Amino acid sequence: MNDFTSPEAQAKNPENVPAQGMPQQEQTALPAVLDRNSPLSPLTLLLLVIGSLGLLIIVAASFILLNATNHDMNDLSRLRDGAATTNQILTLLQNAESSQRGYLLTQDERYLEPFNATKEQLPEKLRQTHPVYQENPRTKELFTRLVTISQRKMDEMSETIALTKAGKRQEAIEFVKTNSGFYQMENLRTLVGELDTDVNRRVDERFRRQNDNVFALRLVTISSTLVIVLVLAGVFWLILRFTNNIISARRDIEILNDSLEAKVEERTLDLLRANSEIQRFAYIVSHDLRAPLVNVMGFTSELSTNLTTLREFIEKLEKGKDDSLPALLDEAKFVIHEEMPEALQFIRTSTTKMDGLINTILKLSREGRRVLTAEPVDLNHVCEQAVGAIRHQFGEGGEGIMIENRLPVVISDRLALDQIFGNLLDNSIKYRIPARPLHVTIRGKVSGKRVLIEVEDNGRGIAPQDHERIFELFRRSGAQDQPGEGLGLAHVRALLHRLGGDIKVVSTLGQGSIFQITMPLVARKFE
Amino acid sequence: MDDQAKPVLIIMIEDDEGHARLIEKNIRRAGVRNEIRAFTHGTPALAFLLGPDGQGMVNSNQAPLILLDLNLPDMTGIDILQKVKSCESLKRAPVIVLTTTDDQREIQRCYDLGANVYITKPVDYENFSNAIRQLGLFLSVMQIP
């Protein structure tokens, strides 16, 4: 029964399961790890089926073999009983013969008791043994002969006894002397012996079969147990692998999550910085644009005041003679020669200044829009070029710019770096103390994934409260004895921010400044 | 003391020449005749206010009124305000802050530091003149017994 279901299940398995599994893999975009090792994968199903089959085979084989054993045991006891009864038949007949002989000798009725008992019991015993010998034709024939001969023997004995009872004792002895009874008895003995041998053979056969059964049962149990153990090991291994995959997938997700958070944080910081830069820029621009506008408005209103003065004077003039005329004439002269040209001059200066500011803002905006391209840039080369551009401004007395150590090569925007170092070195020339020889030192080092560069000068230095302010647009520090718009350092910082770096200053007023630049060794993707 | 009778000196710290000129014109138009000393940078203004010893003793007998622009080329007006208000002999001097922005935080900061009036440019010159006149008159009353 079980042997029929198992091939079906096995035949189903390789066809159906992968057919279900394949489209599932195509549909889901989930990590392949999870899908491939889902608990219902073809492999797992196969293992489950094999395991179940192993169990079923054990149960079925045990049932069948136990049944066979039981049947054999019944057979054995039946055979034993049969053999015993057959021997009893021989004994009964021998008893009957002894009884017959005794009676013939003594003619005493008491000797006939065993004979009578045999006569009474024999048919029953023969009937009992009959089924035992029906299995094969040889024993069947032997048994038939046993029945016939025992009947003939009983008839012979009955006849001699009957003759004796009838007083024909001599006739009875003569009959015995024919030896027919003796030969029948010999035949019976041989038959019983043969039947015994046959039964023993069959008993042996049963024992052998049982031994075979036990061996087969043991074999089936051992092999099935082995299969189950193997399947269990396979399932255990699959579960372990599946669990491991889940754990590693979760770890991957966690790592992704963490890096995502770090990325979000980084971007948020960038945005916050950009936002505050824009606010600061808007504040500065609005202030610096408004300052000349205040002049335009103020002097326009001054001009209209002047106009009123002139109008009054002309009205008075048209009306004719008036005592206040000479005073008004002086006032009008003052307005025309002094106040009005002054106001016009201020308005003109202010509008020019506004125009300049707007141009500067446009220039900055254009700079900010320039597409940066990352390429290998040798900072040593950049600095040497920047030094070369200002070499002619060095004075006497060993003035100069020294690159202290070999500067690293970075992956960044070349033009931006040119402008950064150009501006810094320009400043060191502009804000030097003329009384002492200028010395500028450039040094750099790589720290992890970042580059640190220092530009140190012995110039006039920057007051502490201006250390941040100098990087703001249009802001300058200290005495305003040099030309400039307050753009350079703001531009430097904006460029460094775009390259993923920053700049700050350490300075002591009157002694010098150290501009400290940090930037990535490899600029992250420019946006 | 005789020195107390000295008129109020107006110290104007304003880097924009045009603004300075406009302020002066309007002060004069309001009838204030006090001497005005103009500075375009914070450094010389502070040097004058605090004197060579940095204690402001030079001006101890002359009450100043300070007109202060917050955006100066070499330092911020806030720096000057802080220094003035932390100087024993100057801290009672009235300070009028002039600026082009109306950033609330900045206004608050100036008042916290002790500024008396905060005026946003472009100014309503009439109100500006009134403020000057009142502070000026107030000072005159204080200084001339």
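Our structure's up above, just so we're on the same page.
Residues numbered from 1 in each chain as written. Chains lettered and ligands numbered in written order. Predicted model: local features only at pLDDT ≥ 70, side-chain atom pairs only at ≥ 80, totals over all residues. Heavy atoms only, no water.

Chemist: Describe the overall build of chain B, with residues and values.
Modeler: Within chain B, the regular secondary structure consists of five helices and five strands. Each helix and strand of chain B, placed in order from N terminus to C terminus, yields the pattern β-α-β-α-β-α-β-α-β-α. Within chain B, the fraction of its 145 residues that count as buried is 54%. For chain B, the computed accessible surface area is about 6900 Å², with 51% contributed by carbon and sulfur atoms. (Helix = DSSP H or I, 4+ residues; strand = E, 2+ residues; numbered from the N terminus. Buried < 20%, exposed > 50% of the residue type's maximum accessible area, 1.4 Å probe, protein only. Areas by Shrake-Rupley, 256 points an atom, 1.4 Å probe, with all protein chains shown as cover.)

Chemist: Can you tell me about the interface of chain B and chain A, naming the residues and giving the values?
Modeler: A common measure of how large an interface is: the accessible area buried when the components associate. Counting residues at the interface gives 25 residues for chain B and 23 residues for chain A. Both faces considered, chain B and chain A share a buried interface measuring about 2100 Å² in area, 51% of it formed by carbon and sulfur atoms. Applying the counting criterion to the chain B and chain A interface returns five salt bridges. At the junction of chain B with chain A, the criterion picks out six residue pairs in polar contact (both at pLDDT 80 or more). No other element matches helix 1 (residues 17-29) of chain B, which puts eight residues into the side of chain B that touches chain A. Here the residues of the side of chain B that touches chain A sort into six nonpolar, nine polar and 10 charged. (Contact = heavy atoms within 4.5 Å. Buried area = accessible area lost by both parts, 1.4 Å probe. Salt bridge = Lys/Arg side-chain N within 4 Å of Asp/Glu carboxyl O. Polar contact = N/O pair within 3.5 Å; in protein donor to acceptor, adjacent residues only side chain to side chain. Nonpolar A, V, L, I, M, F, W, Y, C, P; charged D, E, K, R; others polar.)

Chemist: I'd like a rundown of the layout of surface pockets, residues and numbers included.
Modeler: All names here are of chain A. When its volume is computed, the largest pocket comes out at roughly 1400 Å³. What lines the largest pocket is a set of 41 residues, among which Ala 274, Glu 277, Ala 494, His 497 and Arg 498 lie closest to the centre. If you list the elements that add at least two residues to the lining of the largest pocket, you get helix 7 (180-319), helix 8 (325-369) and helix 11 (488-499). The leading source of residues in the lining of the largest pocket is helix 7, at 11 residues. Its residues assigned to classes, the lining of the largest pocket comprises 17 nonpolar, seven polar and 17 charged. Taken domain by domain, the lining of the largest pocket gets at least three of its residues from each of domain 2 (277-369) and domain 3 (375-520). As a volume, the second largest pocket reaches approximately 930 Å³. (1 Å grid on protein atoms, 1.4 Å probe; cavity = no way out; pocket = protein on both sides within 12 Å on 5 of 7 lines; lining within 4 Å. Points joined across faces, edges and corners; volume = space filled by probe spheres on them. Domains from an automatic or database assignment.)

Chemist: Lay out the sheet that holds strand 4 (residues 439-447) of chain A in plain terms, naming residues and giving numbers.
Modeler: Residues and elements named next belong to chain A. Read from one edge of the open sheet, five strands run 2-4-5-7-6, paired in mixed fashion. Each having just a single partner strand, strand 2 (400-403) and strand 6 (502-508) make up the two edges of the open sheet. Averaged over neighbouring strand pairs, the angle between their axes works out to 15° when direction is ignored. Across eight bridges, strand 5 (residues 450-457) lies against strand 7 (residues 512-520) in antiparallel orientation. Along strand 7, the bridge assignment pairs Arg 450 with Pro 520. Helix 9 (residues 379-390) contacts strand 2, strand 4, strand 5 and strand 7 of the sheet and is inclined by roughly 175° relative to strand 2. (Pairing = 2+ DSSP bridges. Axes fitted to C-alpha atoms, helices over the stretch in contact; angles between N-to-C directions.)

Chemist: Lay out helix 7 of chain A with the relevant residues and their values.
Modeler: Residue and element names in this part refer to chain A. Here helix 7 spans 200 Å end to end across 140 residues, near enough to the 208 Å set by a 1.5 Å rise per residue. Helix geometry: helix 7 is bent most strongly at Ala 291, by close to 25°, with proline Pro 292 lying one to four residues after it. Gly 320 sits one or two residues past helix 7 and shows a positive phi near 110°. (Expected span 1.5 Å × (residues − 1). Bend = angle between axes of the 7 residues up to and from the residue.)

Chemist: Explain the environment of Pro 44 of chain B to me, using residue names and the numbers behind them.
Modeler: All names here are of chain B. Relative to the elements of secondary structure, Pro 44 occurs in helix 2 (residues 42-50). Residue classification places Pro 44 among the partly exposed positions, given a relative accessible area of 40%. Along the backbone, Pro 44 and Ile 13 are 31 residues apart, and their C-alpha atoms lie at a distance of 9.5 Å.

Chemist: Before we move on, could you go through the environment of Ile 57 of chain A and cite the residues and values that matter?
Modeler: Residues and elements named next belong to chain A. Following the sequence through the fold, Ile 57 ends up in helix 3 (residues 42-106). A sequence separation of 164 residues divides Ile 57 from Thr 221, and the C-alpha atoms of the two residues are 8.7 Å apart. Those residues in contact with Ile 57 that sit more than four places away from it in its chain are Val 220 and Ser 224.

Chemist: Tell me about the pairing of strand 6 of chain A, and please be specific about residues and values.
Modeler: Residues and elements named next belong to chain A. Alternating positions in strand 6 separate cleanly, Ile 503, Val 505 and Ser 507 being buried on one face and Asp 502, Lys 504, Val 506 and Thr 508 remaining unburied on the opposite face. With seven bridges connecting them, strand 6 and strand 7 associate as antiparallel partners. Bridging from a neighbouring strand, Lys 504 pairs with Gln 516 of strand 7.

Chemist: Describe in detail the pattern of salt bridges, supporting the description with residues and values.
Modeler: Residue and element names in this part refer to chain A. In this structure the tally under the stated criterion is 31 salt bridges over all chains. Residue Arg 206 pairs with Glu 205 through a salt bridge whose shortest N-O separation is 3.9 Å. For Arg 206, a relative accessible area of 5% puts it in the buried group. Here Glu 375 ties to Arg 414 by a salt bridge, and the two come within 3.8 Å at their closest N and O atoms. Taken as a pair, Glu 375 in strand 1 (residues 375-378) and Arg 414 in helix 10 (residues 414-430) lie far apart in primary sequence, 39 residues in all. Glu 375 sits in the partly exposed class, given a relative accessible area of 30%. With relative accessibility at 30%, the residue Arg 414 sits in the partly exposed group. The network of salt bridges with shared partners includes Asp 75, Arg 78, Asp 198, Arg 201, Arg 202, Glu 205 and Arg 206.

Chemist: So what's going on with the sheet that holds strand 5 (residues 117-120) of chain B? Residues and values would help.
Modeler: Residue and element names in this part refer to chain B. Pairing is parallel in the open sheet, where five strands are placed in the order 2-1-3-4-5. Edge strands, defined here as strands with exactly one partner in the open sheet, are strand 2 (36-39) and strand 5. Averaged over all pairs of adjacent strands, the angle between strand axes in this sheet comes to 15°, irrespective of strand direction. In this sheet, strand 3 (residues 64-69) lies alongside strand 1 (residues 9-13) in parallel orientation, the contact comprising five bridges. Across the sheet, Ile 13 pairs through a bridge with Leu 68, a residue of strand 3. Relative to the sheet, helix 3 (residues 77-85) contacts strand 1, strand 3 and strand 4 (95-99), its axis offset from that of strand 3 by approximately 155°.

Chemist: Residue-level account of the environment of Thr 148 of chain A, with values.
Modeler: Tracing the backbone shows Thr 148 of chain A in helix 5 (residues 137-165). Distance in space between the C-alpha atoms of Thr 148 of chain A and Leu 188 of chain A is 9.9 Å, their sequence separation being 40 residues.

Chemist: Any details on unusual backbone geometry? Residues and values, ideally.
Modeler: Excluding glycine, a negative phi dihedral is what most residues carry, and trans is how most peptide bonds are arranged. Residue and element names in this part refer to chain A. For Gln 107, which is not glycine, the phi torsion reads 60° and is therefore positive. Checked against the element boundaries, Gln 107 lands in the loop between helix 3 and helix 4 (113-129). Non-glycine residue Asn 179 carries a positive phi angle of around 70°. Mapped onto the elements, Asn 179 comes out in the loop between helix 6 (169-177) and helix 7.

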